[in-house]
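Here is how the chains run, residue by residue.
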Amino acid sequence: KRIALCALLAALAGPALAQFSDEQNRAYGVILPMLEELTPDAPVLSACVVTVAAPQEIAALAASGGPSMEAGQLVSAVLARPETLSCIQNTMAQR
């Protein structure tokens, strides 16, 4: 089920998600449910977080096993970065 969901979300989030590594896809799977509670644009925000996050941040999210307080703090920190905001703005403008 999770693979089918990721494939559907890849289509919604845009071409960037299709190029994610296995580890990035696992991180995306942790990020998405947290952001889905906040916005209907969760697939875009999640893809941008994965795109901008540093390799050690992706590894931590992928290894987290699911949404948690620590993962939420890490996602919040990445979302606050100017690069992430630019990614979100650019992706939304292409819709």
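Structure's up top.
Residues numbered from 1 in each chain as written. Predicted model: local features only at pLDDT ≥ 70, side-chain atom pairs only at ≥ 80, totals over all residues. Heavy atoms only, no water.

Enquirer: Looking at this structure, I do not really get the overall build of the protein chain. What am I missing?
Expert: Along its length, the protein chain carries 7 helices and 0 strands. Expressed as a percentage of the 95 residues in the protein chain, the buried residues total 40%. In the protein chain, 62% of the contacts between residues at least 6 apart in sequence involve partners at least 24 apart. Carbon and sulfur atoms form 59% of the exposed surface of the protein chain, whose accessible area is close to 5,500 Å². (Helix = DSSP H or I, 4+ residues; strand = E, 2+ residues; numbered from the N terminus. Buried < 20%, exposed > 50% of the residue type's maximum accessible area, 1.4 Å probe, protein only. Contact = heavy atoms within 4.5 Å. Areas by Shrake-Rupley, 256 points an atom, 1.4 Å probe, with all protein chains shown as cover.)

Enquirer: How should the packing of helix α3 (residues 22-36) against helix α6 (residues 69-79) be read in this particular structure?
Expert: Helix packing for two helices is described by the angle between their axes and how far apart those axes are. Close contact between α3 and α6 brings their axes to 10 Å; oriented N to C, the two are set at 80°. What the angle tells us is that α3 and α6 run roughly perpendicular. Only Ala71, Gly72, Val75 and Leu79 of α6 make contact with α3, whose side of the interface consists of Val30, Ile31, Met34 and Leu35. Here the contact of α3 with α6 is composed, by residue class, of 7 nonpolar, 1 polar and no charged. (Axes fitted to C-alpha atoms, helices over the stretch in contact; angles between N-to-C directions. Parallel < 35°, antiparallel > 145°, perpendicular 65-115°, else oblique. Nonpolar A, V, L, I, M, F, W, Y, C, P; charged D, E, K, R; others polar.)

Enquirer: For this particular structure, what's the right way to read the state of the cysteines?
Expert: Two cysteines, two sulfur atoms, one covalent bond between them: this is a disulfide. One pass over the structure, following the stated rule, counts 1 disulfide. Here cysteine 48 is linked by a disulfide to cysteine 87, with a sulfur-sulfur distance of 2.1 Å. An S-S torsion of about -80° defines the bridge between cysteine 48 and cysteine 87 as left-handed. Of this pair, cysteine 48 sits in helix α4 (residues 42-52) while cysteine 87 sits in helix α7 (residues 82-93), and the two are 39 residues apart along the sequence. The exposure class of cysteine 87 is buried, given its relative accessible area of 18%. (Disulfide = S-S within 2.5 Å.)

Enquirer: What am I meant to see in the side chain of threonine 84 here?
Expert: With respect to the helices and strands, threonine 84 occurs in helix α7. Each residue touching threonine 84, except ones within four places of it in the same chain, is listed here: Cys48, Val49, Val52, Val78 and Leu79.

Enquirer: Quick question: what am I supposed to make of the packing of α3 against helix α5 (residues 55-63) here?
Expert: Two numbers describe how α3 lies on α5: the axes approach to 7 Å, and their chain directions differ by 60°. Read as a crossing pair, α3 and α5 show a hand that is left-handed. Where α3 approaches α5, its residues Glu23, Gln24, Arg26, Ala27, Val30 and Ile31 are matched on the opposing element by Ile58, Ala59, Leu61 and Ala62. Partitioned by chemical class, the residues of the contact of α3 with α5 number 7 nonpolar, 1 polar and 2 charged. (Left-handed = near helix turned anticlockwise from the far one by under 90°.)

So far we have only geometry, and geometry alone does not tell us how the molecule works.
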